[in-house]
Protein chains: 2
Amino acid sequence: MRITTWTEYSLIISIHLAKRGRRGASPVAARELAEVERLPADYVEQILLRLRRAGIVESVRGAKGGYFLAREPGLITVRDVMAASEHQTFEMNCDTHPVDADRCSPSSACAIRPVWQGLQRRIDDFLGSVPLTELLRDEPGPELVPLTSSPASS
Amino acid sequence: MRITTWTEYSLIISIHLAKRGRRGASPVAARELAEVERLPADYVEQILLRLRRAGIVESVRGAKGGYFLAREPGLITVRDVMAASEHQTFEMNCDTHPVDADRCSPSSACAIRPVWQGLQRRIDDFLGSVPLTELLRDEPGPELVPLTSSPASS
DNA sequence: CGCACCCCGACAAGACTGGTCGGAATTCCA
DNA sequence: TGGAATTCCGACCAGTCTTGTCGGGGTGCG
């Protein structure tokens with residue numbers, strides 16, 4: 001299980017846009033953003049397309065056009081960005097890659113499904129709790145504080 | 001982000017073995033297990049191979065041979081099974097698919113890495129908290145109890 | 001000895017990832 | 001009015017991963 005470059009690049013792009021001014025300031029061209037962040041330009045364009053369709057960023061067409069965040073960075077979470085760039089955060093096998101029609105039908109008593117549901121909830125809760133603002137101060141990031149090893153008792 | 005059939009089948013297989021007796025009982029042949037669970041036989045064999053190498057199951061060769069769980073089902077977690085079948089639970093991009101040597105070097109101050117580290121910990125904690133025994137009683141599964149929506153404050 | 005079974009590497013079709021390309025539409029500016 | 005800059009968008013493509021299959025070799029029971 002891993003994060004693809006879709007999400008990784010989307011985050012880099014979103015953070016970049018969060019740093020460059022807000023709505024008022026001039027929009028950032030995809031090309032320029034890609035150069036500064038040293039990412040493949042054409043790919044960045046594709047990604048911005050997805051982010052726009054998901055409502056994470058907005059765009060201005062024509063010369064002097066470009067992109068900017070659609071909302072305040074504090075109101076956009078990593079979960080939002082990931083859900084925009086991939087089609088979801090955590091894909092539920094039972095729905096999209098069912099092992100077996102019988103076994104995976106929502107009515108059947110599958111012993112495994114609750115595990116994936118629980119996992120999905122954990123992932124969404126966590127990613128949904130990290131706003132972009134959390135990523136603007138470079139070093140610390142979200143809770144690398146003590147937090148030794150509580151036994152996952154929720 | 002999703003779970004592959006490697007893990008899904010591994011769980012089905014592990015649960016099956018947990019239900020069929022323990023060390024004392026006669027081992028279960030891969031072929032038979034595959035038939036009962038309606039999984040592709042050759043594939044099941046591949047998976048059992050991985051599970052054995054990871055120490056989740058043990059095997060008996062020759063006629064009347066087969067597989068059985070290496071440990072008590074209570075001592076094997078979903079995390080163990082997933083780590084055995086895929087090579088890890090959650091792959092850290094920074095290590096295996098670095099965006100950029102500079103950006104992703106462990107010494108550089110990457111704003112994103114802590115998010116993935118936090119996510120990894122959440123995933124491992126949760127999956128590590130679900131033993132196979134939890135999956136033997138079919139219906140309920142792990143905590144589909146109330147648990148409405150605590151704001152991911154760990 | 002023969003059968004049942006595990007062991008193991010190679011192969012392969014299809015999907016997904018990580019991009020690239022070419023061109024159309026829109027807007028600014030001289 | 002005519003570029004030039006820029007977004008918009010679908011098509012394409014190479015490489016990797018997923019999901020298996022196949023064939024043969026080892027091993028032990030009867």
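Check the entry above for the structure.
Being a predicted model, the structure only gives us computed values, none of them experimental.

> So what exactly am I meant to see when it comes to the pattern of salt bridges here?
Any two side chains of opposite charge can pair, so long as their charged atoms come close to each other. Within this structure, the stated rule accounts for 14 salt bridges over all chains. One salt bridge connects Arg79 of chain A with Asp124 of chain A, and the closest N-O pair in it is separated by 3.6 Å. Within this pair, whereas Arg79 of chain A is found in helix H4 (residues 78-85), its partner Asp124 of chain A is found in helix H7 (residues 113-128), the two being separated by 45 residues in sequence. Taking the relative accessible area as the measure of exposure, Arg79 of chain A reaches 35% and is therefore partly exposed. The salt bridge involving Arg38 of chain B is made with Asp102 of chain A; its shortest N-O contact spans 3.8 Å. On the criterion of chain membership, the pair formed by Arg38 of chain B in the loop between helix H2 (30-37) and helix H3 (41-53) and Asp102 of chain A in helix H6 (residues 101-104) is interchain, its members lying in two chains.

> What exactly am I supposed to notice about the side chain of Thr77 of chain B here?
Residue and element names in this part refer to chain B. Mapped onto the elements of the fold, Thr77 is located in the loop between strand E2 (66-69) and helix H4 (78-85). Among the residues examined, Thr77 registers a relative accessible area of 13% and is labelled buried. Not counting residues up to four positions away in its chain, the partners in contact with Thr77 are Leu127, Gly128, Val130 and Pro131.

> What should I look at first to understand the pairing of strand E1 (residues 57-60) of chain A in this one?
Pairing geometry for E1 of chain A and strand E2 (residues 66-69) of chain A, over four bridges, is antiparallel. Among the inter-strand pairings, Val57 of chain A is bridged to a residue of E2 of chain A, identified as Leu69 of chain A.

> Would you explain the packing of aromatic side chains in this entry?
Here a ring pair, both rings aromatic, is described through the centre-centre distance and the interplanar angle of the planes. Residues and elements named next belong to chain A. Using the criterion set out here, one finds four aromatic pairs over all chains in the structure. Summarising the aromatic geometry, the rings of Trp6 and Tyr43 are spaced 5.1 Å apart at their centres and angled 70° between planes, so their arrangement reads as edge-to-face. Taken as a pair, Trp6 in helix H1 (residues 5-19) and Tyr43 in helix H3 (residues 41-53) lie far apart in primary sequence, 37 residues in all. Judged by centre distance (5.6 Å) and plane angle (70°), the ring pair of Tyr9 and Tyr43 falls under edge-to-face. You can see Tyr9 sitting in helix H1 and its partner Tyr43 sitting in helix H3, a full 34 residues away along the chain. The rings of Trp6, Tyr9 and Tyr43 are connected pair by pair, giving a single aromatic cluster. Above the face of the Trp6 ring, Arg50 is positioned so that its terminal group lies 3.4 Å from the ring centre.

> Just checking my understanding: could you explain the protein's contact with DNA strand D for this structure?
As a matter of local geometry, DNA strand D sits amid 29 residues, with Ala30, Glu45, Arg52 and Ser59 of chain A together with Thr5 of chain B nearest to it. Measuring from a base oxygen of DNA strand D, one finds a side-chain N or O atom of Gln46 of chain A at 3.0 Å. With respect to DNA strand D, the side chain of Thr5 of chain B contributes an N or O atom lying 2.8 Å from a phosphate oxygen. Looking at the surface near DNA strand D, the elements with two or more residues in it are H3, E1 and E2 of chain A together with helix H1 (5-19) and H3 of chain B. If you tally residues by element for the surface near DNA strand D, the top one is H3 of chain A, at five residues. The residue inventory of the surface near DNA strand D, partitioned by class, reads twelve nonpolar, nine polar and eight charged.

> Can you walk me through the protein's contact with DNA strand C in this structure?
Surveying the vicinity of DNA strand C reveals 28 residues, the closest of which are Thr5 and Tyr43 of chain A together with Arg52, Ser59 and Tyr67 of chain B. For DNA strand C, the fraction of atoms within 4 Å of the protein that belong to sugar or phosphate moieties is 74%. Contact distances for DNA strand C include 3.1 Å between a base oxygen and a backbone N or O atom of Ala63 of chain A. In this structure, Ser59 of chain B approaches DNA strand C through a side-chain N or O atom, which is 2.6 Å from a phosphate oxygen. Every element with two or more residues in the surface near DNA strand C is listed here: H1 and H3 of chain A together with H3, strand E1 (57-60) and E2 of chain B.

> Got a minute to help me understand the packing of H1 of chain B against H2 of chain B in this structure?
Any two packed helices are characterised by the angle at which their axes cross and by the distance between the axes. All names here are of chain B. For the pair H1 and H2, interaxial distance at closest approach is 11 Å and the crossing angle is 105°. Compared by their axis directions, H1 and H2 come out roughly perpendicular. Of the residues in H2, those in contact with Ile12, Ile13, His16 and Leu17 of H1 are Leu33, Val36 and Glu37. For the contact of H1 with H2, the class distribution of residues is five nonpolar, one polar and one charged.

> I'm lost on H1 of chain A in this one. Help?
Turn by turn, an α-helix covers 3.6 residues, leaving residues three or four places apart pointing in a common direction. All names here are of chain A. The terminal C-alpha atoms of H1, which comprises 15 residues, lie 21 Å apart, in line with the 21 Å expected from a rise of 1.5 Å per residue. Along H1, twelve of the 15 residues are buried, which leaves the element largely enclosed by surrounding structure. Taken residue by residue, H1 has Thr7, Glu8, Tyr9, Ser10, Leu11, Ile12, Ile13, Ser14, Ile15, His16, Leu17 and Ala18 as its buried positions.

> Help me understand the nonpolar core, please; the structure alone is not making it clear to me.
In summary, soluble globular proteins display a tendency toward joint burial of nonpolar side chains. Counting residues in hydrophobic clusters, the biggest one holds 84 residues, and the most contacted among them are Trp116 and Leu119 of chain A together with Trp116 and Leu119 of chain B. Sequence-distant contacts of Trp116 of chain A, defined by excluding residues within four places in its chain, comprise Phe90, Met92 and Cys94 of chain A together with Ile3, Thr7, Glu8, Leu11, Val78 and Leu127 of chain B.

> What am I meant to see in the environment of Ala63 of chain A here?
Tracing the backbone through its elements, the reader meets Ala63 of chain A in the loop between E1 and E2. Each C-alpha atom, one on Ala63 of chain A and one on Ala29 of chain A, is 9.4 Å from the other, the two residues being 34 residues apart in sequence.

> How should I be thinking about helix H2 (residues 30-37) of chain A in this particular structure?
Residues of H2 of chain A that are buried: Ala30, Leu33, Ala34 and Glu37 of chain A. The buried residues of H2 of chain A all sit within an arc of 100° when viewed along its axis, so they share a single face. Exposed residues pointing more than 90 degrees away from the buried face of H2 of chain A are listed as Arg31 and Glu35 of chain A. If you follow the buried residues of H2 of chain A, they end up packed against H1, H3 and E2 of chain A together with helix H6 (101-104) of chain B. One or two steps after H2 of chain A, the chain reaches Arg38 of chain A, where phi turns positive at roughly 55°.

Thresholds, definitions, all that
Residues numbered from 1 in each chain as written. Chains lettered and ligands numbered in written order. Predicted model: local features only at pLDDT ≥ 70, side-chain atom pairs only at ≥ 80, totals over all residues. Heavy atoms only, no water. Salt bridge = Lys/Arg side-chain N within 4 Å of Asp/Glu carboxyl O. Helix = DSSP H or I, 4+ residues; strand = E, 2+ residues; numbered from the N terminus. Buried < 20%, exposed > 50% of the residue type's maximum accessible area, 1.4 Å probe, protein only. Contact = heavy atoms within 4.5 Å. Pairing = 2+ DSSP bridges. Phe/Tyr/Trp six-rings, centres within 6.5 Å; stacked < 30°, edge-to-face > 60°. Lys NZ or Arg CZ within 6 Å of the ring centre and 35° of its normal. Near = heavy atom within 4 Å. Polar contact = N/O pair within 3.5 Å; in protein donor to acceptor, adjacent residues only side chain to side chain. Nonpolar A, V, L, I, M, F, W, Y, C, P; charged D, E, K, R; others polar. Axes fitted to C-alpha atoms, helices over the stretch in contact; angles between N-to-C directions. Parallel < 35°, antiparallel > 145°, perpendicular 65-115°, else oblique. Expected span 1.5 Å × (residues − 1). Core = buried A, V, L, I, M, F, W, Y, C linked by side-chain atoms within 4.5 Å. Arc of directions from axis to C-beta.

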